[in-house]
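A structural walkthrough
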Amino acid sequence: MQHRIIVLGAGYAGTYAAGYLARRLHHDDVEVTVVNAEPDFVERLRLHQLAAGADLRRHDLASIFEGTGIRLRLARVTAVDAERRTVTVQDDEGDDRLEYDTLVYALGSTVADHGVPGVAEHAFHIAGRASALRLRQRLDELGGQGSVLVVGGNLTAIEGATEIADRRPGLRVTLATEGELGGWLGSRARPHLLRAFDRLGIDVHERTPIERVTATGAVAADGAVFDADATVWAAGFAVHPIAAASGLAVEEDG
């Protein structure tokens, strides 16, 4: 009987892991199945470009896995039962339960709201393709006018703010971060970053933690009010809720 390996997620980690296993293990001995909600490989590192308006090249997973022996199951993972070694998935035909001998968890992360009120209800984020497209739609609705607030000081926030400002110069872009923007960069890199923000007209507010997001912007811990037609939350990542709900031991690096 073949050893059944299920890989959850076809991002960078899942796609690489599945391909590595398919190359290293004999097809008579193992069956590798990749479960992913979308038919395309999503370049997460480019989602800020997608959100800002760029058209990214499509990478069809079926073509990527062609000839490898990997089975692709297009479905959304809804639950993992580690004791029974089953994965529950959902597609257009309903729910299904897949059995496995070895599970590779590669669903990735989601946005971390850090318990800040209003993030889930009012903020946009670019942690996934669907959320990036929602932000893109909102920016399109603004028609080149209005204001955007980006919350966070990490690479995602930096890339998101600069990409939006560059591609949509009619928008007023503001970035608020609780720390120092690019504070981890070297003595030459940080001034270069700040010059780029200045050239793009991005208003930077350092040491300004946001304590509440509203339908019209955000409120900082010091009481400062930031009006925005779109608030982009880019203040870190959290473990995918499937892992927490299933009791899987996945470490979080926020």
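Right, let's walk through the structure included here. Since the model is a prediction, treat every value here as computed from it, not as a measurement.

Regarding the nonpolar core
Generally speaking, soluble globular proteins have nonpolar side chains that are buried together. Ranked by internal contacts, the top residues of the largest apolar core, which has 26 residues, are Val148, Val150, Ile164, Leu175 and Phe197. Elements with a minimum of two residues in this core: helix H2 (47-52), helix H5 (129-142), strand E9 (147-151), helix H6 (155-167), strand E10 (172-176), helix H7 (189-200) and strand E15 (230-233). For this core, the element with the most residues is H6, which contributes five residues. If we ignore the near neighbours within four places in the chain, the residues touching Ile164 are Ala52, Leu135, Leu139, Val148, Leu171 and Val173. Membership of the second largest hydrophobic core comes to 15 residues, among which are Val119, Ala127, Ala220 and Phe226.

A closer look at the packing of H6 against H7
Contact geometry for H6 and H7: axes closest at 10 Å, N-to-C directions at 30°. For the element pair H6 / H7, the angle class is roughly parallel. Relative to H7, the crossing made by H6 is left-handed. Of the residues in H7, those in contact with Ile158, Ala161, Thr162, Ala165 and Asp166 of H6 are Leu193, Phe197 and Leu200. Among the residues forming the contact of H6 with H7, the class breakdown is six nonpolar, one polar and one charged.

Concerning the environment of Arg129
With respect to the secondary-structure elements, Arg129 resides in helix H5. Not counting residues up to four positions away in its chain, the partners in contact with Arg129 are Glu38, Val42, Leu47 and Leu50.

So, the sheet that holds strand E5 (residues 86-91)
Pairing within the open sheet is antiparallel, and its three strands lie in the order E4-E5-E6. Strand pairing shows two members of the sheet lacking a second neighbour, strand E4 (76-81) and strand E6 (94-99), which therefore form its edges. Across this sheet, the average inter-strand angle for adjacent strands is 25°, counted without regard to direction. In terms of strand pairing, E4 meets E5 through five bridges, oriented antiparallel.

Here's the deal with the packing of aromatic side chains
As enumerated under the stated definition, the model contains two aromatic pairs in all. Between Tyr12 and Phe41, the aromatic rings sit 5.2 Å apart at their centres with planes inclined by 85°, giving edge-to-face as the arrangement. Residue Tyr12 is found in helix H1 (residues 12-24), and its partner Phe41 is found in the loop between strand E2 (30-36) and H2; the two are separated by 29 residues along the sequence. Tyr12 gets classed as partly exposed once you look at its relative accessible area, which sits at 40%.

Focus: the sheet that holds E10
Spatially, E11-E10-E9-E15 is the arrangement adopted by the four strands of the open sheet, whose pairing is parallel. Edge positions in the sheet fall to strand E11 (203-205) and E15, since each has one partner strand and no second. In this sheet, neighbouring strand axes are inclined to one another by 20° on average, regardless of whether the strands run parallel or antiparallel. The sheet contact formed by E9 and E10 spans five bridges and is parallel. Bridge assignment links Leu149 to a residue of E10, and that residue is Thr174. On top of the sheet, H6 reaches E9 and E10; it is set at about 170° to E10, its chief contact.

Observations regarding the environment of Gly19
Structurally, the position occupied by Gly19 is in helix H1. Remark: the alpha-carbon pair of Gly19 and Ile64, spanning 45 residues in sequence, is separated by 9.2 Å.

Let's talk about H1
Every α-helical turn comprises 3.6 residues, leaving residues that sit three or four positions apart pointing alike. Helix length check: H1 (13 residues) gives 18 Å between terminal C-alpha atoms against 18 Å at 1.5 Å per residue, within 8%. Regarding H1, the residues found buried are Gly14, Thr15, Ala17, Ala18, Gly19, Leu21 and Ala22. Elements in contact with the buried residues of H1: strand E1 (3-8), E2, helix H3 (61-65) and strand E7 (102-105).

Scoring rules and cut-offs
- Residues numbered from 1 in each chain as written.
- Predicted model: local features only at pLDDT ≥ 70, side-chain atom pairs only at ≥ 80, totals over all residues.
- Heavy atoms only, no water.
- Core = buried A, V, L, I, M, F, W, Y, C linked by side-chain atoms within 4.5 Å.
- Buried < 20%, exposed > 50% of the residue type's maximum accessible area, 1.4 Å probe, protein only.
- Helix = DSSP H or I, 4+ residues; strand = E, 2+ residues; numbered from the N terminus.
- Contact = heavy atoms within 4.5 Å.
- Axes fitted to C-alpha atoms, helices over the stretch in contact; angles between N-to-C directions.
- Parallel < 35°, antiparallel > 145°, perpendicular 65-115°, else oblique.
- Left-handed = near helix turned anticlockwise from the far one by under 90°.
- Nonpolar A, V, L, I, M, F, W, Y, C, P; charged D, E, K, R; others polar.
- Pairing = 2+ DSSP bridges.
- Phe/Tyr/Trp six-rings, centres within 6.5 Å; stacked < 30°, edge-to-face > 60°.
- Expected span 1.5 Å × (residues − 1).

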